[in-house]
Amino acid sequence: MNKNDLKKLIRPLVQDLHAYVPGEQPKIKGLIKLNTNENPYPPSPKVLAAVKAAVDGRFRLYPNPTSHFLREKLAKLHGCKAENIIVGNGSDELLALAIRAFAEPKSSSPSQSGDTAYFNRAENSKFTVQYFTPSYSLYPVLADIHGAAKNPVPLNADFSLPSVAELKRGKKWDFKAALTLVTTPNAPSGHGYANAELEELCQAQQGVVVLDEAYVDFADQNAMELALKHPHVIVSRTFSKAYSLCFQRVGYFVGHPELIAALDKIRDSYNVNGLGQIAALATLDDLKYYRANFKKVMATRERLSKELTKLGFIISRSQTNFIFAKPPGILAQEWLQKLRESKILVRWFSYPETKDFLRITIGTDAEANALIKAAAKIAAMK
Ligand SMILES: Cc1ncc(COP(=O)(O)O)c(C=O)c1O
C-alpha cells in the first residue's frame, strides 16, 4: 500500500487534526527551563521513599482500578465523599473525558465542526465546548478530537473575566453550551478570578461548567465550594504543578456524584498507574512540605515581577507559578530567542492576543537571578 492509500484508512477528522504542542523538553546541559510551569522543587523525600519502596514484584499486578484509597483521602481533604471524586491520568485525561461525556460530537471533520458562530446557536448548544481566550490551549484540540463545536470567547483586554451582563451584551457567549471550561486562575495570563464572579457565571450556565484549577495553590482563593454547592459545576485539580508530580500524571475532578459516575463509565479501567497512586497518597501525607514550597514560589514570583518591571517589562499580578510579561523594546519572539541563547527557556504563544508576551515559569531563586541578569543584558542591547 502506498502512502496515499494508507492515508485513506485514517478518519478525515484525524487527518485534519492539529495536535496539541506541549512545551519543549530539551536535554541541554545547564539549561534553565522556565517553559512548562513545572515546580522547581522536587517531591517530598517521603514521596520519593514511598515510590521507591513500591518498586518490587507487585508490578505484575494491576493497580487499584478506581484509585479507591486516593479518592478516600482526597474526599477527607475536601470535605466530601469518594463518590464526588474521579482520578485521572493527569487532569488532561479528565478534560478529554468531560468533552466526551457532556458534548455531542457534531461532525467527523474539525474544519466542519469549527466555531459555533457558523451555526444556529439554539441547535448547537448541545455540541458546544466553550472557553475563554486566551486560556489553556488544549481545550480546542480536545474539542476537535471529539468533533464537538467550539465557542472561543475573548476575555476582556486586560484578561479579566467578562461579567454575565458583558457576556450577554457581547452576544457570542452561549449560556446553554453543553460544556464550559474556565481556567482559574487563568493560564497563560496568570490572572486570578474571585469566587463571586465565577459563581455568577456558573449560575448563568445551563450546561456543565469545569473550573480548571491547575494553578490554584498559588492563588488567593479557590472555588472548591462551588463544586460542592452547584450540581453542574466541577472543579479540576492536578498533582502536577504545586505538588511536583508532572512525571507521575495524576489529576482529579470534584463534582456531583451523578456527573462523576458518567465520567467513570467512559474512562479506561486502569487509567491511573500504581506508582502514581502511591506518590499522590504520600503527597497528601506531607502537605506541610508542599505548602512551604508554594510560599517560596510565590515569594520568588513577587521578587522576579518587581525586578523585571524595573527593566521595563509590563507584568500584571500573577496568582500562579508563572508570570505573563510584556518585554520592552524588541518583539517578545526575539526575547524568546535571545533568552534561549543565554540558556534560558521560556514560552511564547503566537496567538494575536498573546504574541506580545512571554510566559515565564517561576523557578528557584538562583534561576530567577540568572533570568534577571540575562534580561538586563538584553534590555541594554536594544
Ligand atoms: C490550565 C491547565 N489545566 C490542566 C493542565 C494539565 O495538567 P495535568 O498535568 O494534570 O494533565 C495544565 C498543564 O499545563 C494546565 O495548564
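See above for the structure.
Keep in mind the model is a prediction, meaning the values are calculated, not measured. By convention here, each chain's residues receive numbers from 1 onward along its written sequence. Local features in a predicted model are, by the rule used here, given only for residues with pLDDT of at least 70; side-chain atom pairs are given and counted only at 80 or more, and totals for whole chains, interfaces and linings are based on all residues. Note that water and hydrogens are dropped before the side-chain values are worked out from all heavy atoms of the structure.

Colleague: Tell me what's going on with the overall build of the protein chain, and back it up with residues and numbers.
Modeller: Regarding its fold elements, the protein chain presents 16 helices and 12 strands. With C-alpha atoms as the basis for the radius of gyration, the globule rule is written as 2.2 Å multiplied by the number of residues raised to the power 0.38. The globule rule puts the C-alpha radius of gyration for 382 residues at 21 Å, and the 21 Å found for the protein chain is close to it. Taking the principal axes of its C-alpha atoms as reference, the protein chain extends roughly 60 × 55 × 55 Å. When burial is assessed residue by residue, the protein chain has 53% of its 382 residues classed as buried. Contacts are residue-level and defined by heavy atoms, with any inter-residue pair within 4.5 Å sufficient. For the protein chain, the share of sequence-separated contacts (at least 6 apart) that also reach a separation of at least 24 residues comes to 73%. Runs of E in the DSSP output that reach at least two residues are strands. Runs of H or I that reach at least four are helices, and both are numbered from the N terminus. Partly exposed describes any residue whose relative accessible area lies between the buried limit of under 20% and the exposed limit of over 50%, with all areas from a 1.4 Å probe on protein chains only and scaled to the type maximum.

Colleague: Before we move on, can you summarise the layout of surface pockets with the specific residues and values?
Modeller: Think of a 1 Å grid over just the protein atoms. A cavity is a set of points where a 1.4 Å probe fits yet cannot get out, a pocket is an open set with protein on both sides within 12 Å along at least five of seven lines, and lining residues have an atom within 4 Å of a point. Grid points are joined across faces, edges and corners, and a volume is the space filled by probe spheres set on the points. Space inside the second largest pocket adds up to approximately 350 Å³. Taken together, 15 residues form the lining of the second largest pocket, with R58, P63, G274, L275 and I278 sitting closest to its centre. Going through the elements one at a time, α4 (68-78) and α13 (274-284) are the ones with two or more residues in the lining of the second largest pocket. Here the lining of the second largest pocket takes 5 residues from α13, the largest share from any one element.

Colleague: Provide a residue-level description of the side chain of T300, including the pertinent values.
Modeller: Relative to the assigned elements, T300 resides in helix α14 (residues 287-310). Polar contacts involving the side chain of T300 include one to the main-chain carbonyl oxygen of K296, which spans 2.9 Å. Looking at T300, its side chain comes within polar contact range of the side chain of D365, at 3.2 Å. Contacts of T300, omitting those with residues within four sequence positions, involve I362, G363, T364, D365 and A368. Any N or O atom pair separated by 3.5 Å or less is treated as a polar contact, with the protein-specific requirement of one donor-capable and one acceptor-capable atom, and with residues adjacent in sequence counted only for side-chain atom pairs.

Colleague: Summarise empty space enclosed by the protein; cite the residues concerned and give the values.
Modeller: Per the stated rule, a full pass over the model turns up 1 cavity of 30 Å³ or more. Size it by volume and the largest cavity reaches roughly 40 Å³. Lining the largest cavity, in full, are P65, T66, S67, R71, I85, I86, V87, D264, R267 and N271. Broken down by element, the lining of the largest cavity gets its largest block of residues, 3 residues, from strand β2 (residues 85-88). In terms of residue class, the lining of the largest cavity is made up of 4 nonpolar, 3 polar and 3 charged. When residues are grouped by polarity, Ala, Val, Leu, Ile, Met, Phe, Trp, Tyr, Cys and Pro land in nonpolar, Asp, Glu, Lys and Arg in charged, and all others, Gly among them, in polar.

Colleague: Go over the site of the ligand with me, naming the residues and quoting the values.
Modeller: Around the ligand, the surrounding shell consists of G90, S91, D92, Y136, T183, D212, A214, Y215, T238, S240, K241 and R249. Backbone polar atom of S91 to an oxygen atom of the ligand: 2.7 Å apart, as the coordinates give it. Contact between the ligand and S240: an oxygen atom at 2.6 Å from a side-chain N or O atom of the residue. Protein contact buries 92% of the 400 Å² of open area that the ligand shows by itself. Grouping the amino acids of the shell around the ligand by side-chain chemistry returns 3 nonpolar, 5 polar and 4 charged. Residues are classed as near a molecule or strand on a simple rule: at least one heavy atom within 4 Å of it. Every accessible area reported is derived by Shrake-Rupley at a probe size of 1.4 Å, with residue values counting cover from the shown protein chains alone.

Colleague: Now, about the sheet that holds strand β7 (residues 233-238): what can you tell me, with residues and values included?
Modeller: Sheet strands pair via backbone hydrogen bonds, and the direction of the pair is either parallel or antiparallel. Read across the sheet, 7 strands follow the order β2-β8-β7-β6-β5-β3-β4 without closing on themselves; strand pairing throughout is mixed. The two strands at the open ends of the sheet, each matched to only one other strand, are β2 and β4 (149-154). Direction aside, the axes of adjacent strands within the sheet are offset by 20 degrees on average. Bridging between strand β3 (residues 128-133) and β4 involves 6 bridges; their strand directions are parallel. Its bridge partner lying in β4, T133 is registered against P154. Comment: axis = line fitted to C-alpha atoms, over the contacting stretch for helices; angle = value between 0 and 180 degrees taken between N-to-C directions. α4 rests against β2, β7 and β8 (251-254) of the sheet, and its axis sits at about 125 degrees to β2. By the convention used here, strands pair only if DSSP detects at least 2 bridges between them.

Colleague: Can you lay out the packing of aromatic side chains for me, pointing to particular residues and giving the numbers?
Modeller: Each aromatic ring pair is characterised by the separation of its centres together with the angle its planes make. Side-chain rings of Phe, Tyr and Trp (the six-membered ring for Trp) are treated as a pair once their centres are within 6.5 Å; stacked means planes under 30 degrees apart, edge-to-face means over 60, and tilted covers the remaining angles. The final tally for this structure, using the stated rule, is 17 aromatic pairs. Ring geometry for F313 versus W335: centroids 5.0 Å apart, planes at 65 degrees, classification edge-to-face. Placement of the pair is F313 in the loop between α14 and β9 (314-315) and W335 in helix α15 (residues 332-341), with a sequence separation of 22 residues. For W335, a relative accessible area of 0% translates into the label buried.

Colleague: Any details on the nonpolar core? Residues and values, ideally.
Modeller: Counting residues in hydrophobic clusters, the biggest one holds 74 residues, and the most contacted among them are L211, F239, L304, L308, L339 and I360. The element that contributes the greatest number of residues to this core is helix α16 (residues 365-381), accounting for 7 residues. When residues no more than four places from it in sequence are discounted, the contact partners of I360 are L34, L304, L308, F322, I323, A325, V346 and L371. Here the nonpolar core consists of buried residues drawn from Ala, Val, Leu, Ile, Met, Phe, Trp, Tyr and Cys, with membership extended through side-chain atoms lying within 4.5 Å.

Colleague: Describe α16, and please don't skip the residues or the numbers.
Modeller: One less than the residue count of a helix, multiplied by 1.5 Å, gives the span that helix is expected to have. With 17 residues, α16 should cover 24 Å at 1.5 Å per step; its first-to-last C-alpha distance of 25 Å lies within 8% of that length. Every buried residue of α16 is accounted for by A368, L371, I372, A374, A375, I378 and A379. Of the surrounding secondary structure, the elements contacted by the buried residues of α16 are α14, α15, β11 (344-345) and β12 (358-361).

Colleague: Hey, could you go over the environment of T66 for me, with residue numbers and the actual values?
Modeller: One can find T66 in the loop between α3 (45-53) and α4. With 21 residues separating them along the chain, T66 and V87 place their C-alpha atoms 7.7 Å apart. Apart from residues no more than four positions distant in its own chain, T66 is found in contact with R71 and R267.

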